[in-house]
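One-letter residues, chain by chain:
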2 protein chains.
Amino acid sequence: MPTLDAGTLEKTASEIFTGHGVPAEDAAWIATLLVRANLRGHDSHGVIRIPQYVAAVRRGDLNPRPEIRVVTDTPTLAVVDGDRGFGQVVARQGVALAVDKARGQGLAAVALRETGHVGRLADWAELAATQGLLGLVWANARGGLHVTPWGGAARRLGTNPHAIAVPGPDRTVALSHDFATSVWAEGKLRVKFNRGEPAPPGVMLDGHGRPSTDPRAYYTEPPGSLLTAGQHKGYGLALAIEILGGILSGSGAAGGDPVRFANGTLMVCLDPARFLPVADFHAQVAALLAWVRTAPLAAGAEEVLVPGEPEARTERERRGTGITIDEETWRQITAARDEVARA
Amino acid sequence: MPTLDAGTLEKTASEIFTGHGVPAEDAAWIATLLVRANLRGHDSHGVIRIPQYVAAVRRGDLNPRPEIRVVTDTPTLAVVDGDRGFGQVVARQGVALAVDKARGQGLAAVALRETGHVGRLADWAELAATQGLLGLVWANARGGLHVTPWGGAARRLGTNPHAIAVPGPDRTVALSHDFATSVWAEGKLRVKFNRGEPAPPGVMLDGHGRPSTDPRAYYTEPPGSLLTAGQHKGYGLALAIEILGGILSGSGAAGGDPVRFANGTLMVCLDPARFLPVADFHAQVAALLAWVRTAPLAAGAEEVLVPGEPEARTERERRGTGITIDEETWRQITAARDEVARA
């Protein structure tokens, strides 16, 4: 399998996007975030998405040069209409608005609609955190249903992720979590399917509502469905995220009609400096993390980690070793690159 | 086991609290919320707490006549110092502030410190929802550690609950979830312990970091610990709640020093009317709930429920049949009542 350094991958991705009409600065930013996902070990949100994005541009589902409009704008709130732009481009503007408003008022909420795949929510929460704010982000996935309500046996909800990032001193991120409200994101199941491997129990149901570990029973008719994380807990959160991300933004909640995919997104930023002196805040967060690390290890565990730490380690490693891409993904990416180069 | 109607229980609870110096209106409110927890099927948060609250007043840990102060107050934010008041009394004032500010600005955040046990977070989220606002609530539990970090094997975090309630039309609640970030709240394990029954797998570790189903291995030395819901997901959320509820409020995060119990709490309220017409909001929420109910049932499931629905059903039932209290709890409550009556 080919192994590439981050810079080469970013350049390739950027050229493909500019070749499809994306302005150079936007293309570079989208490329940076896709490669960042690979660097951080979340290959399902990395350059594997390039062919999918290109296909969406071709269908007209993604607009390479959107006119992003702020349709609601108050000192504390904004609703942004992304005009079908790349999620990375729309969300960047959304976070900038949320950060600006939260600095002014202590907290702010920004909702995004008509926006493509926003990628890893952690990127947006962390973008706020590196500017000194707590970032909370939720996104639904209109047109991308995979998850069954608890007790049900059919796809009715998106994998509706939830993310929170907490600022550390000097533009660092003290901790950051980002999780699907399903036990697994769909991409992880697809990897198992492609490899012909079983999934662990508790991840999915087959199309008849029976527990299954066979990914083939997911990608068939009737289709399987993903189970919610923590049973009724993930279900409750997933439903709330349909409302927070989908309905408040105007993107729309999950439903039965065929619709163009969009990540309806809500971000809330809070400025810790409005609550307590920032140095106290950082000291208390550091003490909390030190405290949880004093726990003795569970049987079989090697370490108590802080959320975000595994990603930071993987990034350090992959910045050195490069990023390994599976053959099929690399074939699609080079085909897209060559096509753009010929045009 | 004695079965009592809600009114009798409320009157009894109220008399006990006034007997310990709580003003009559506050006592009635605390009693209402405790009995409401019983009515809704969450007996662990109901009148079983009366003896615990009385003991806390005796120790000076709970102040029956607090001077609640708003120590930070902006158009969008408040920090409330509860002066060791009953959580029910402090949080009621906190929600009123949050609702008022969110009506003015579209969103608001209110943090509570120096406050006793706030009871079910759902009560506070729903109090905002019945006033037309989305309510998000998080609470840590300084001085009440039960949960191990993921990979660890000792109590380092509270059960740190998370709640969201969504308004329906006409002062109703469309949906409401409230969950511990541990697989089980500690109260459920204590019930199993008291009954001599095992817990299911995946709930707890023994004091040596081994998976266990024996509640006796929790209440011993070295003590057991509760596992986080959804493994690393609940751990990430629990840590974030230490910061949102504990650090921002000034209550403090989990740590190794012995401290008086307090629920450091953060509530965020959002006004959907700032995002879209309220009638549209209600129609879209109703359509979402109707959509998830169209799911066929999983093997063994009887129904797809909306979060909050089981509680509403139990309340309807128990308003008719009354509330059954275990003998030991009723013995303690009547003893507390008789003691107050003699004084």
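Now for a description of the structure that goes with this document. (Residues numbered from 1 in each chain as written. Chains lettered and ligands numbered in written order. Predicted model: local features only at pLDDT ≥ 70, side-chain atom pairs only at ≥ 80, totals over all residues. Heavy atoms only, no water.)

A separate point is the interface of chain B and chain A. By a frequent convention, interface size equals the accessible area lost on bringing the separate parts together. At the junction of the two partners, chain B supplies 77 residues and chain A supplies 77 residues. In total, chain B and chain A occlude about 6000 Å² of area from one another, counting both sides; carbon and sulfur atoms represent 76% of this. The largest per-residue losses of area from chain B upon contact with chain A belong to K233(B), F275(B) and W291(B), which jointly make up 13% of the total buried on that side. Remark: the boundary between chain B and chain A carries 0 salt bridges. (Contact = heavy atoms within 4.5 Å. Buried area = accessible area lost by both parts, 1.4 Å probe. Salt bridge = Lys/Arg side-chain N within 4 Å of Asp/Glu carboxyl O.)

Right, let's talk about the pattern of salt bridges for a bit. All names here are of chain B. The full count for this structure, using the stated rule, is 46 salt bridges over all chains. With a closest N to O distance of 2.4 Å, D73 and K101 form a salt bridge. One end of the pair, D73, is in strand β2 (residues 69-73); the other, K101, is in helix α4 (residues 87-105), with 28 residues separating them in the sequence. What makes K101 buried here is its relative accessible area of 9%. Two residues, D178 and R120, come together in a salt bridge whose shortest N-O distance is 4.0 Å. Of the two residues, D178 is situated in strand β7 (residues 173-179) and R120 in the loop between β4 (107-115) and α5 (121-129); the sequence distance between them amounts to 58 residues. Under the relative-accessibility criterion, R120 is labelled buried at 8%. (Helix = DSSP H or I, 4+ residues; strand = E, 2+ residues; numbered from the N terminus. Buried < 20%, exposed > 50% of the residue type's maximum accessible area, 1.4 Å probe, protein only.)

A few words on α5(B). Residue and element names in this part refer to chain B. The element α5 is largely enclosed, with a buried count of 8 among its 9 residues. All of the buried residues in α5 are L121, A122, D123, W124, A125, E126, A128 and A129. Those residues of α5 that are buried lie in contact with α2 (24-39), α4, β5 (134-139), β6 (162-167), β7 and β11 (265-270).

Before going further, it helps to spend a moment on the sheet that holds strand β8 (residues 204-205) of chain A. Residues and elements named next belong to chain A. The 3 strands lie next to each other as β9-β8-β10, forming an open sheet whose pairing is antiparallel. Each of the sheet's edge strands pairs with one partner strand only, and the pair in question is β9 (211-212) and β10 (225-226). Pairing of β8 with β9, which is carried by 2 bridges, proceeds in the antiparallel orientation. Bridge pairing in β9 links M204 to S212. (Pairing = 2+ DSSP bridges.)

Next up on the list: the environment of A279(B). On the secondary structure map, A279(B) appears in helix α8 (residues 278-293). Sequence separation between A279(B) and G168(B) is 111 residues, and the spatial gap between their C-alpha atoms is 9.7 Å.

Counted by the stated rule, this structure contains 12 aromatic pairs over all chains. Ring centres 4.9 Å apart and planes at 75° place the aromatic pair Y218(B) and Y219(B) in the edge-to-face group. Each member of the aromatic cluster is reached from another via a ring pair, and the members are F17(A), Y53(A) and F86(A). (Phe/Tyr/Trp six-rings, centres within 6.5 Å; stacked < 30°, edge-to-face > 60°.)

Overlaying chain B on chain A yields an RMSD of 0.0 Å, the required transformation being a rotation through 180° with an accompanying axial translation of 0.0 Å. In symmetry terms, the pair is related by a two-fold rotation axis. Residues of chain B ranked by C-alpha distance from the rotation axis are headed by G230(B), positioned 2.4 Å from it. A shared binding surface is used by both copies, with 100% of the interface residues of chain B retained as interface residues in chain A. (Least-squares fit on C-alpha atoms with pLDDT ≥ 70 in both.)

Moving on: the nonpolar core. Grouped together as the largest cluster of nonpolar side chains are 98 residues, with contacts concentrated most on L266(A), L270(A), L266(B) and L270(B). The residues contacting L270(A), other than those within four sequence positions of it, are G106(A), L107(A), L133(A), L134(A), L136(A), F275(A), A109(B), L244(B), L248(B) and L266(B). (Core = buried A, V, L, I, M, F, W, Y, C linked by side-chain atoms within 4.5 Å.)

One open sheet holds the 7 strands; their spatial order is β2-β3-β4-β11-β5-β6-β7 (chain A), and the pairing between them is mixed. Each end of this open sheet is capped by a strand with a single partner; those strands are β2 (69-73) and β7 (173-179) of chain A. Recorded for the sheet is a direction-independent mean angle of 15° between the axes of neighbouring strands. With respect to the sheet, helix α7 (residues 232-247) of chain B is in contact with β5 (134-139), β6 (162-167), β7 and β11 (265-270) of chain A, its orientation differing from that of β7(A) by roughly 135°. (Axes fitted to C-alpha atoms, helices over the stretch in contact; angles between N-to-C directions.)

By themselves, these are just geometric observations and shouldn't be taken as functional.
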